Amino acid sequence: MDPKMLESLRLSMQNRPEYVELDGIPLPKSTCDIWDRILSFQARPDDLLICTYPKAGTTWVHEIVDMIQQNGDVDKCKRAPTYVRNPFIEIAPPKPLPSGVEEAEAMPSPRTLKSHFPVQLIPSSFWEQNCKVIYVARNAKDVMVSYYYFQKMNKGLKEPGTWSEYFDAFQSGKVAWGSWYDHVKGWWERKDRQQILYLFYEDIKEDPRREIKKMAQFIKKDLAEEVLEKIVQQTSFQAMKVNPMANYSTLPSFIFDQSVSPFMRKGSVGDWKNHFTVAQNERFDEDYEQKMSGTSIRFRFEL
Ligand code: A3P
C-alpha cells in the first residue's frame, strides 16, 4: 500500500469504533453507514457464501474451501491473503480503501464471499440467486473466549473490558453481530429451505477428513485421496499458524496487533475451561438451557 494511504489508515484506526444497532444487531458504525450498498448487493448464481458468527472458524473453512477449489494446489492458495481471496461483504474500512462490496463487485466469478450477518440481514439477492452457503457454528463458550481475545487485538472492534464485563456483554448479545444464540438458531431454522451446509467447528476438529469431504460434495468437487490428504495437512492449525496468507500477519499491527493476541491463538475445543470461573459456568449453563430450549441443535463443549 502507498505510504500516504497507510499513514492515513493508521490515523483513522487510532480510536476504537462505535457500534450502531441495525434491526437490533450491534454493528460497526462504518457498516451501517453503507447499509444501502450492502442491502442492494448483487449476488451471482455461482457465488459461494461462507457465513459464521465471529470466531467460529471462518478463516479455517475459507482455507479448506479454497484448497478444494484449487484442487490442493498450495501455491495457488498462497496467491493472496484470506481477506483478499474472500471479500467480506459488510466490511467498510476507511476511504480510500475499498469496501467489501466494492471488492466483491470487482472480482470475477466464481466468487467465495464472507459474511458474519445473522440470516435476516443477508442481502436478498443471495436467496433470489439460490446461492450455496456454508454456515459454520462453534460452541458458545469457546467462541466467547476467542472473541474476547480478538477484541483485544482487533482495533476495528470495541475494547472488550474485563473478562467478567465481557461475559455479560456476550451473554446479552451486546457485541458486534449480536447474540450468538439468535445467530446459530436463525441459520439452523433456515438451513432446509435453502442450499445451506450447516457445519460445526468441533466436528471439523474431530475428523477434518470427513468434514472436508462434506464440503467438497456440497460444492460438487471430486477429490482424489492424495489431494484430500494434502488439504487435511495444509489446513491444520499448525500449518495455518505459520502461513502468512492465512494467519492475517499481512495486516499492519495498528489493525490486528498480534503481539496482544495472535489471530491463530489456540485452535482447540474446550479452552473455555481455562477462563470460565465455576460461578460463570453455572450461570452460563442455566442461561444456555433457557435460550436454547426448543431447538434441536446440539453443541459439544469438549471432545
Ligand atoms: P481461537 O481464538 O480459539 O484459537 P474466525 O476465523 O472465525 O475469526 O475464527 C478464529 C478461530 O478459529 C481462532 O480460535 C483460530 O485459532 C481458529 N482457527 C483458525 N484456523 C484453525 C485451524 N486450522 N484449526 C483449528 N482452529 C482454527
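Residues numbered from 1 in each chain as written. Predicted model: local features only at pLDDT ≥ 70, side-chain atom pairs only at ≥ 80, totals over all residues. Heavy atoms only, no water.

### Some details on the site of the ligand
Then step 1. Residues in close proximity to the ligand total 19 residues, the closest being Thr-58, Thr-59, Ser-146, Tyr-201 and Lys-266.
Then step 2. Take Phe-237: an N or O atom from its main chain is 3.4 Å from a nitrogen atom of the ligand.
Then step 3. Gly-267 is positioned such that a nitrogen or oxygen atom in its backbone is 2.8 Å from an oxygen atom of the ligand.
Then step 4. Contact with the protein chains removes 97% of the 560 Å² of surface that the ligand exposes when unbound.
Then step 5. Breaking the shell around the ligand down by element, the ones donating at least two residues are helix H4 (58–69), helix H12 (201–206) and helix H15 (237–241). (Near = heavy atom within 4 Å. Polar contact = N/O pair within 3.5 Å; in protein donor to acceptor, adjacent residues only side chain to side chain. Areas by Shrake-Rupley, 256 points an atom, 1.4 Å probe, with all protein chains shown as cover. Helix = DSSP H or I, 4+ residues; strand = E, 2+ residues; numbered from the N terminus.)

### Digging into the pairing of strand S5 (residues 132–137)
Then step 1. Burial analysis of S5 places 6 of its 6 residues in the buried class, which makes it a mostly covered element.
Then step 2. Because side chains alternate across S5, one face comprises the buried residues Lys-132, Ile-134 and Val-136, and the other comprises Val-133, Tyr-135 and Ala-137, equally buried.
Then step 3. As defined by bridge partners, strand S3 (residues 48–52) adjoins S5 across 5 bridges and the pair is classed as parallel. Counterpart to Thr-52 in the pairing with S5 is Val-136.
Then step 4. As paired strands, S5 and strand S6 (residues 196–200) are joined by 5 bridges and run parallel to one another. (Buried < 20%, exposed > 50% of the residue type's maximum accessible area, 1.4 Å probe, protein only. Pairing = 2+ DSSP bridges.)

### Focus on the packing of helix H13 (residues 208–218) against helix H14 (residues 225–234)
Then step 1. At a minimum axis separation of 10 Å, H13 and H14 run at an interaxial angle of 115°. Taken together, H13 and H14 sit at an angle that is classed as roughly perpendicular. Where H13 crosses over H14, the handedness of that crossing is right-handed. Counting all contacts with H13, which are made through Pro-208, Arg-209, Ile-212 and Lys-213, the residues of H14 involved are Glu-225, Leu-228, Glu-229, Ile-231 and Val-232.
Then step 2. Per-class residue counts for the contact of H13 with H14 are 5 nonpolar, no polar and 4 charged. (Axes fitted to C-alpha atoms, helices over the stretch in contact; angles between N-to-C directions. Parallel < 35°, antiparallel > 145°, perpendicular 65-115°, else oblique. Left-handed = near helix turned anticlockwise from the far one by under 90°. Contact = heavy atoms within 4.5 Å. Nonpolar A, V, L, I, M, F, W, Y, C, P; charged D, E, K, R; others polar.)

### What to know about the side chain of Asp-257
Then step 1. Looking at the element boundaries, Asp-257 is found in the loop between H15 and helix H16 (278–291).
Then step 2. Buried within the structure, Asp-257 lacks any salt-bridge partner; Lys-155 is the closest side chain of opposite charge, at an N-O distance of 4.2 Å.
Then step 3. The residues contacting Asp-257, other than those within four sequence positions of it, are Met-153 and Lys-155. (Lys, Arg positive; Asp, Glu negative; His and termini not counted. Salt bridge = Lys/Arg side-chain N within 4 Å of Asp/Glu carboxyl O.)

### Side note on the sheet that holds S5
Then step 1. Taking strand neighbours across the sheet as the criterion, the 4 strands line up as S4-S3-S5-S6 in an open arrangement whose pairing is parallel. With partners counted over all chains shown, the strands left at the sheet margins are strand S4 (112–115) and S6, one partner each. The average undirected angle you get between the axes of adjacent strands in this sheet is 20°.
Then step 2. Along the sheet, helix H11 (residues 180–190) contacts S3, S5 and S6; its crossing angle with S6, the most-contacted strand, is approximately 140°.

### Considerations on the environment of Met-67
Then step 1. In this fold, Met-67 is placed in helix H4.
Then step 2. Classification of Met-67 as buried rests on a relative accessible area of 0%.
Then step 3. Residues Met-67 and Thr-52 lie 15 residues apart in sequence; the distance between their C-alpha atoms is 19 Å.

### Focus on the pattern of salt bridges
Then step 1. Inspection of the entire model under this criterion finds 26 salt bridges.
Then step 2. Here the salt bridges share partners, and the residues they tie into one network are Asp-203, Glu-206, Asp-207, Arg-210, Glu-211, Lys-214 and Arg-300.

### Observations regarding the packing of helix H9 (residues 140–153) against H16
Then step 1. As a packed pair, H9 and H16 sit with axes 12 Å apart at the nearest point and diverge in direction by 125°. If you check the angle between H9 and H16, you find them oblique. Taken as a pair, H9 and H16 cross one another with a handedness that is right-handed. Counting all contacts with H9, which are made through Ala-140, Lys-141 and Met-144, the residues of H16 involved are Asn-281, Phe-284 and Asp-285.
Then step 2. Tallied by class, the residues present in the contact of H9 with H16 amount to 3 nonpolar, 1 polar and 2 charged.

### Concerning the side chain of Ser-146
Then step 1. Here Ser-146 is to be found in helix H9.
Then step 2. Look at Ser-146 and you get buried, because its relative accessible area is 11%.
Then step 3. Aside from chain neighbours lying at most four places away, what touches Ser-146 is Lys-55, Arg-138 and Arg-265.

### Concerning the packing of aromatic side chains
Then step 1. Inspection of every chain in the model, using the stated rule, returns 34 aromatic pairs.
Then step 2. Where Tyr-148 meets Tyr-149, the ring centres are 5.3 Å apart and the plane angle is 75°; that geometry is what we call edge-to-face.
Then step 3. Relative accessible area serves as the criterion here: at 8%, Tyr-148 is assigned to the buried category.
Then step 4. Among the residues examined, Tyr-149 registers a relative accessible area of 22% and is labelled partly exposed.
Then step 5. Considering the side-chain rings of Trp-272 and Phe-276, the 5.6 Å spacing of their centres and the 75° angle between planes classify their relative orientation as edge-to-face. For the pair formed by Trp-272 and Phe-276, the shared burial category is buried.
Then step 6. Looking at Lys-55, its charged tip hangs above the ring of Phe-150, at a distance of 3.5 Å from the centre.
Then step 7. One Lys or Arg, Lys-158, reaches over the ring of Tyr-19 and ends 4.8 Å from the middle of that ring. (Phe/Tyr/Trp six-rings, centres within 6.5 Å; stacked < 30°, edge-to-face > 60°. Lys NZ or Arg CZ within 6 Å of the ring centre and 35° of its normal.)

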